[in-house]
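# Fold and geometry: a report
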Amino acid sequence: MNDVPRPLAVVDAVSGDGAVLRLRRHGNPQAATRLFMSHGNGFAIDGYADFWSRFLGDFDIVAFDMRNHGQNPLGDPAHHNYAQMTHDIAAVGRAARAEFGAKPEVGVFHSMSAQSALLQVLAGEPRFDLLILFDPPNTPPEGHPAAAPMLAYLRRLVAWASQRRDRFAAPADLAAEYAATRSGRRWVAGADRLGARSVLRADGDEWRLTCPRDLEASMYRQGITLNLWPRRCDVAVPVTLIGADPDASYPAATGLSNRALAAEGGFAYRTIRGTSHLAQFEEPAACAAIVLDILRQTGL
């Protein structure tokens, strides 16, 4: 895929601290079910277009970037945390209902946004009828067999994000970096270019990351102590976890964590063979098929 579909409408939601979250409506406004779509840390939802564009004909879609990512203006760095992102999820839902009307709502979120949506529901605002969460990087309790791999994974990401290159001569330079990674070598054609364009903003003769690297690193750091290991009985809406393949040749720590969380917490669980934490870039068609199957099974 080479281009992001043009939105039907663009609306700015405002969170409680004044942060602006730019909603883009796509798909079929007459559809019975609305899908909310967002992304993982350091990415932006336009980069996932090969995945979510597969729902355009049958669903009303609200795509949005998390604060200080993608199309959103840069806000107060002091508010770049999970507590504020939890409020952001609620603000996005309120804005969509005010502008587009109420209908059944499904949250389809990845990684950081998946954790934020789960926290929002646990906080007592269960407006979603269903959550489909791709590979939330939850760290198990101390002593759990999957805890050490997750902690090591998040600490590596903190170190990497803190030192990553943040300015580029052109988006093609970042696309080349994506394509050279272990996961990036498995991304579908065009995903590296879409991903790069979605996270860069022109700045004079250069392009800079829309989410500053220090803020990206801070979210990985916060994930280490997030203590998000819920049980199904604590969550007011149905949840399906779609984890990275825990049996892959080089299994992502998140895959081990999500399989354990599903088994111990009583959550519905799916995985796609061979996928890493970025399954929606690697296998967008298979990811979309799983989401559609879940929606059919639940009548949404």
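Report on the accompanying structure. (Residues numbered from 1 in each chain as written. Predicted model: local features only at pLDDT ≥ 70, side-chain atom pairs only at ≥ 80, totals over all residues. Heavy atoms only, no water.)

### Structural notes on the packing of helix α4 (residues 147-163) against helix α8 (residues 253-265)
Our working definition: To get an axis, fit a line to the C-alpha atoms, keeping to the stretch in contact for a helix; angles then go from 0 to 180 degrees between the N-to-C directions. Counting from the N terminus, the helices are DSSP H or I runs at least four residues long and the strands are E runs at least two residues long. By the definition adopted for this analysis, an angle is roughly parallel if under 35 degrees, roughly antiparallel if over 145, roughly perpendicular if from 65 to 115, and oblique otherwise. The crossing is said to be left-handed when, going from far helix to near helix, the turn is anticlockwise and less than a right angle, and right-handed when the turn is clockwise. By the convention used here, residues are in contact when the closest approach between their heavy atoms is within 4.5 Å. For this classification, the nonpolar set comprises Ala, Val, Leu, Ile, Met, Phe, Trp, Tyr, Cys and Pro, the charged set comprises Asp, Glu, Lys and Arg, and every other residue, Gly included, is treated as polar.
Contact geometry for α4 and α8: axes closest at 8 Å, N-to-C directions at 140 degrees. The orientation of α4 relative to α8 falls into the category oblique. The crossing of α4 and α8 is left-handed. Residues Pro-149, Met-150 and Tyr-153 of α4 touch α8, and the partners they reach there are Ala-253, Thr-254 and Ser-257. Its residues assigned to classes, the contact of α4 with α8 comprises four nonpolar, two polar and no charged.

### Things to note about helix α10 (residues 284-298)
The condition that has to hold: An expected span of 1.5 Å times one less than the residue number is assigned to each helix. Only protein chains enter the area calculation, which uses a 1.4 Å probe; residues under 20% of their type maximum are buried, those over 50% are exposed, and those in between are partly exposed. Arc definition: it is the arc formed by the directions from the helix axis to the C-beta atoms.
Taking 1.5 Å of rise per residue, the 15 residues of α10 would be expected to cover 21 Å, and the 21 Å separating its terminal C-alpha atoms lies within 8% of that figure. Every buried residue of α10 is accounted for by Pro-284, Cys-287, Ala-288, Ile-290, Val-291, Ile-294 and Leu-295. All buried residues of α10 lie within an arc of 160 degrees about the axis, which places them on one face of the element. Away from its buried face, by an angle of more than 90 degrees, α10 presents the exposed residues Arg-296 and Gln-297. Among the residues trailing α10, Gly-299 stands out with phi positive, at a value near 80 degrees.

### Quick look at the sheet that holds strand β11 (residues 268-271)
For clarity, the cut-off: A pair of strands is considered paired only if DSSP assigns at least 2 bridges between the two.
Strand order in the open sheet formed by eight strands is β1-β2-β4-β3-β5-β6-β10-β11, and the pairing between neighbours is mixed. Looking along the sheet, the strands with just one partner apiece sit at the ends: β1 (9-14) and β11. Between one strand axis and the next, the sheet turns through 20 degrees on average, direction left out of account. Where strand β3 (residues 34-37) lies against strand β4 (residues 60-64), four bridges are found, and the strand directions are parallel.

### Considering helix α6 (residues 191-198)
Counting buried residues along α6, six of its eight residues qualify, which places the element largely inside the surrounding structure. Burial in α6 covers these residues: Ala-191, Asp-192, Leu-194, Gly-195, Ala-196 and Ser-198. Taken together, the buried residues of α6 touch α1 (49-52), α5 (171-180), β8 (200-203) and α9 (279-282).

### Concerning the sheet that holds strand β9 (residues 206-209)
Within the open sheet, the three strands sit side by side as β7-β9-β8. Their pairing is antiparallel. The strands lining the two open edges of the sheet, one partner per strand, are β7 (167-168) and β8. Of the pairings in the sheet, the one linking β8 to β9 comprises four bridges and is antiparallel in character. The residue of β9 that forms the bridge with Asp-203 is Glu-206.

### Side note on empty space enclosed by the protein
Note the following rule: Space inside and on the surface of the protein is sampled on a 1 Å grid over the protein atoms alone, with a cavity defined as a set of points where a 1.4 Å probe fits but cannot get out and a pocket as an open set with protein on both sides within 12 Å along at least 5 of 7 lines; lining residues have an atom within 4 Å of a point. Grid points are joined across faces, edges and corners, and a volume is the space filled by probe spheres set on the points.
Enumeration according to the criterion identifies one cavity of 30 Å³ or more in this entry. In this structure, the largest cavity spans a volume of roughly 40 Å³. For the largest cavity, the full set of lining residues is Gly-42, Phe-43, His-69, Arg-164, Val-199, Leu-209, Thr-210, Cys-211 and Glu-216. Within the lining of the largest cavity, the residues separate by chemical class into four nonpolar, three polar and two charged.

### Some points on the layout of surface pockets
The calculated volume of the largest pocket comes to roughly 1,100 Å³. In this structure, the largest pocket is lined by 40 residues; those nearest its centre are Tyr-153, Leu-157, Ser-183, His-277 and Leu-278. Mapped by element, the contributors of at least two residues to the lining of the largest pocket are α3 (112-122), α4, α5 and α7 (213-224). With five residues, the top contributor of residues to the lining of the largest pocket is α4. Tallied by class, residues from the lining of the largest pocket come to 19 nonpolar, 14 polar and seven charged.

### A word on the packing of aromatic side chains
The geometry of an aromatic ring pair comes down to the distance between the two centres and the angle between the two planes. The cut-off we apply is this: To pair, rings of Phe, Tyr and Trp, with the six-membered ring standing in for Trp, must have centres within 6.5 Å; the planes then decide the type, stacked if under 30 degrees apart, edge-to-face if over 60, and tilted in the middle.
Under the defined criterion, the tally for this structure stands at 11 aromatic pairs. Each ring, one from Phe-43 and one from Tyr-178, has its centre 6.0 Å from the other, and the planes form 20 degrees; the classification is stacked. Of the two residues, Phe-43 sits in the loop between β3 and α1 while Tyr-178 sits in helix α5, which places them 135 residues apart along the sequence. Exposure remark for Phe-43: the relative accessible area of 14% places this residue in the buried category. For the ring pair Phe-55 and Phe-59, a centre distance of 6.0 Å and an interplane angle of 70 degrees mean the geometry is edge-to-face. The exposure class assigned to Phe-55 is buried, which follows from its relative accessible area of 1%.

### Side note on the pattern of salt bridges
Defined as follows: By salt bridge we mean one thing: a side-chain nitrogen of Lys or Arg within 4 Å of a carboxyl oxygen of Asp or Glu.
Following the criterion strictly, the structure yields 21 salt bridges and no others. The salt bridge involving Arg-165 is made with Glu-177; its shortest N-O contact spans 3.2 Å. One end of the pair, Arg-165, is in the loop between α4 and β7; the other, Glu-177, is in helix α5, and 12 residues separate them in sequence. On the basis of relative accessible area, Arg-165 is assigned to the partly exposed category, the value being 39%. Here Arg-167 and Glu-206 are joined by a salt bridge, their closest N and O atoms 3.3 Å apart. A residue pair is termed long-range when its members are at least 10 positions apart, and Arg-167 in strand β7 and Glu-206 in strand β9 qualify at 39 residues.

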